Amino acid sequence: MADLRANLAGIQSPNPFWLASAPPTNSGYQVQRAFEAGWGGAVWKTLGEPILNVSSRFAAVSFNGQRVAGFNNIELITDRPLEVNLKEIEDTKKKFPNNAIIASLMVEPKREKWHEIVKKVEAVGVDGLELNFGCPHGMAERGMGAASGQVPELVEKQTYWAKEVATTPLIVKLTPNITDITVTAKSAVEGGADAVSMINTINSLAGVDIHSWNTIPHVNGKGAHGGYCGPAVKPIALNMVAECARNPYINVPISGMGGISSWQDAVEFMLMGASAVQVCTAAMHHGFSIVEDMIDGLNNYLDERGLSAISDLVGGAVSKYRDWGDLDLNHKVVARINNETCINCNKCHISCEDTSHQCIDILKGENGKEYLQVREEDCVGCNLCSIVCPVDGAISMIEIPSDKPMTWNERQAALSGTLVSTLKAAE
């Protein structure tokens, strides 16, 4: 069996699967149930001044028969007294000393407020802190959450204030509602963060009821933007994790989250630089027991690849993630159709003919039966036909031997060198 133990900036847990700060970590009862189910850690629902929540709070986006492809919420941080949360954190840590408990924190951007809450939560034995600079609704209107997380100077300053008194590792949770997340991640590092976590939820409106014209969800006929999460946000989250992981100035561990629903998702995040992962929506959809499949799947995957620990995965694919200018312009793939498998639904032909490069022909065989064939000389290898094809293996993307690799950057450098030589010769 591989070693699944995780170490994120000194925060250790028996496996890399943590529950994110959210409704599933609202109480000691829930976190203890999660630990009994097998979760390695939990980020307690954000602590701060108790607030008043609204009803209703959640909405989901279903797609093509899949329930909860995306999830939207307008719930805020904890609505329970700080003292009650602290007592439950202390009790939970005593019962589960080997599991990681991280306190998520959010207060006004004032030095004394950060000092006060950091001291209080560390006194009850948390393993680490996560500063919530990402909540996009409700708290942002009060100058906290994303309102702080969108301002690099505030990210650095508040991280520094918390770090002044913190004795446990400090994670900064970043908002995706920003042009370039690496800017605020760098500010967190400059403020002294021991790690960063991403992504928090994305500004969203789940939908509008076309019969009542109310937003979904609505509160007595009124709605507001909420935070979007779930499987639909995974590509966005994965990109942001990768961008931070490949940035030399963001030289701290990453806790990855955003649409993680399976062990395969977790592996992708770890390959793109995450040392541990956080899960929320999948647990809300299916319950805490999903961690069993995550643990078994990750164990089997590591064993099959001959890897001894999850640390062998972390960052393994980061070097493959580059700027567009570093991609090989001479690399060529083409589509090939397996007519023994093809069911002649013609979806590939329609997509290619209407929206791509018109390189799939409908031909007739000797028996008069129609079949599809790609004109490879006109195929640009866009992948669209294989994406829309409903039959696995009916269309394959085949690599064609090509010339010596050349990237856009190399091409521009060569052209620049040629121009310089021409100018010199002209002199």
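Here we summarise the structure given alongside this text.

The rules we used
Residues numbered from 1 in each chain as written. Predicted model: local features only at pLDDT ≥ 70, side-chain atom pairs only at ≥ 80, totals over all residues. Heavy atoms only, no water. 1 Å grid on protein atoms, 1.4 Å probe; cavity = no way out; pocket = protein on both sides within 12 Å on 5 of 7 lines; lining within 4 Å. Points joined across faces, edges and corners; volume = space filled by probe spheres on them. Helix = DSSP H or I, 4+ residues; strand = E, 2+ residues; numbered from the N terminus. Nonpolar A, V, L, I, M, F, W, Y, C, P; charged D, E, K, R; others polar. Axes fitted to C-alpha atoms, helices over the stretch in contact; angles between N-to-C directions. Parallel < 35°, antiparallel > 145°, perpendicular 65-115°, else oblique. Left-handed = near helix turned anticlockwise from the far one by under 90°. Contact = heavy atoms within 4.5 Å. Pairing = 2+ DSSP bridges. Phe/Tyr/Trp six-rings, centres within 6.5 Å; stacked < 30°, edge-to-face > 60°. Buried < 20%, exposed > 50% of the residue type's maximum accessible area, 1.4 Å probe, protein only.

1. So, the layout of surface pockets
Line of reasoning, step 1. Considering only enclosed or pocket space, the largest pocket measures out at about 280 Å³ in volume.
Line of reasoning, step 2. In terms of lining, the largest pocket is formed by 16 residues, of which the most central are Gly48, Glu49, Val107, Lys113 and Ile117.
Line of reasoning, step 3. Ranked by the residues each element gives to the lining of the largest pocket, the list is headed by helix α3 (residues 111-122), at four residues.
Line of reasoning, step 4. Per-class residue counts for the lining of the largest pocket are eight nonpolar, one polar and seven charged.
Line of reasoning, step 5. Looking at the second largest pocket, its volume works out to about 160 Å³.
Line of reasoning, step 6. Along its surface, the second largest pocket is lined by Leu52, Asn53, Val54, Ile74, Leu76, His137, Gly138, Glu141, Val219, Gly223, Ala224 and His225.
Line of reasoning, step 7. Counted by class, the lining of the second largest pocket contains six nonpolar, five polar and one charged residues.

2. Notes on the packing of helix α5 (residues 152-165) against helix α6 (residues 181-190)
Line of reasoning, step 1. Where α5 contacts α6, the two axes come as close as 7 Å, and the packing angle between them is 25°. Between α5 and α6, the angle is such that the two are roughly parallel. The handedness of the crossing between α5 and α6 comes out as right-handed. Counted together, Pro152, Val155, Glu156 and Thr159 of α5 and Val183, Thr184, Ser187, Ala188 and Glu190 of α6 form the full contact between these two elements.

3. Quick look at the pairing of strand β18 (residues 360-364)
Line of reasoning, step 1. One ladder, built from five bridges, connects β18 with strand β19 (residues 370-374); its direction is antiparallel. Opposite Ile360, over in β19, you have Val374 as the bridge partner.
Line of reasoning, step 2. Linking β18 to β19, which pair antiparallel, is a turn of five residues; within it Gly368 sits at a positive phi near 85°.

4. Structural notes on the sheet that holds strand β7 (residues 100-105)
Line of reasoning, step 1. The eight strands lie next to each other as β3-β4-β7-β8-β9-β10-β15-β16, forming a closed barrel whose pairing is parallel. Taking each pair of neighbouring strands and ignoring which way they run, the sheet shows an average axis angle of 25°.
Line of reasoning, step 2. Across two bridges, strand β3 (residues 17-19) lies against strand β4 (residues 41-47) in parallel orientation. Residue pairing in the sheet places Leu19 in a bridge with Ala42 of β4.
Line of reasoning, step 3. Across the face of the sheet, helix α2 (residues 82-95) comes into contact with β4 and β7 while running at roughly 170° to β4.

5. Digging into the packing of aromatic side chains
Line of reasoning, step 1. One pass over the full model with this rule turns up four aromatic pairs.
Line of reasoning, step 2. Residues Trp114 and Phe133 carry aromatic rings whose centres are separated by 6.0 Å and whose planes lie at 85° to one another, so their mutual orientation is edge-to-face. With a gap of 19 residues between them, Trp114 in helix α3 and Phe133 in strand β8 (residues 128-133) connect regions that are remote in the sequence. The same class applies to Trp114 and to Phe133, which are both buried.

6. Focus: the sheet that holds strand β11 (residues 202-204)
Line of reasoning, step 1. Taken in spatial order, the four strands of this open sheet run β5-β6-β14-β11, and their pairing is antiparallel. Strands at the two margins of the open sheet, each flanked by one partner only, are β5 (58-63) and β11. Adjacent strand axes in the sheet meet at a mean angle of 45°, parallel and antiparallel pairs treated alike.
Line of reasoning, step 2. Bridging between β11 and strand β14 (residues 226-229) involves three bridges; their strand directions are antiparallel.

7. Section: empty space enclosed by the protein
Line of reasoning, step 1. One pass over the full model with this rule turns up three cavities of 30 Å³ or more.
Line of reasoning, step 2. There is about 490 Å³ of room inside the largest cavity.
Line of reasoning, step 3. Lining the largest cavity are 35 residues, with Ser21, Ala22, Asn200, Thr201 and Cys280 sitting closest to its centre.
Line of reasoning, step 4. If you list the elements that add at least two residues to the lining of the largest cavity, you get β4, β6 (66-73), β14, β16 (274-279) and α9 (281-286).
Line of reasoning, step 5. Looking at the lining of the largest cavity element by element, the count peaks at three residues for α9.

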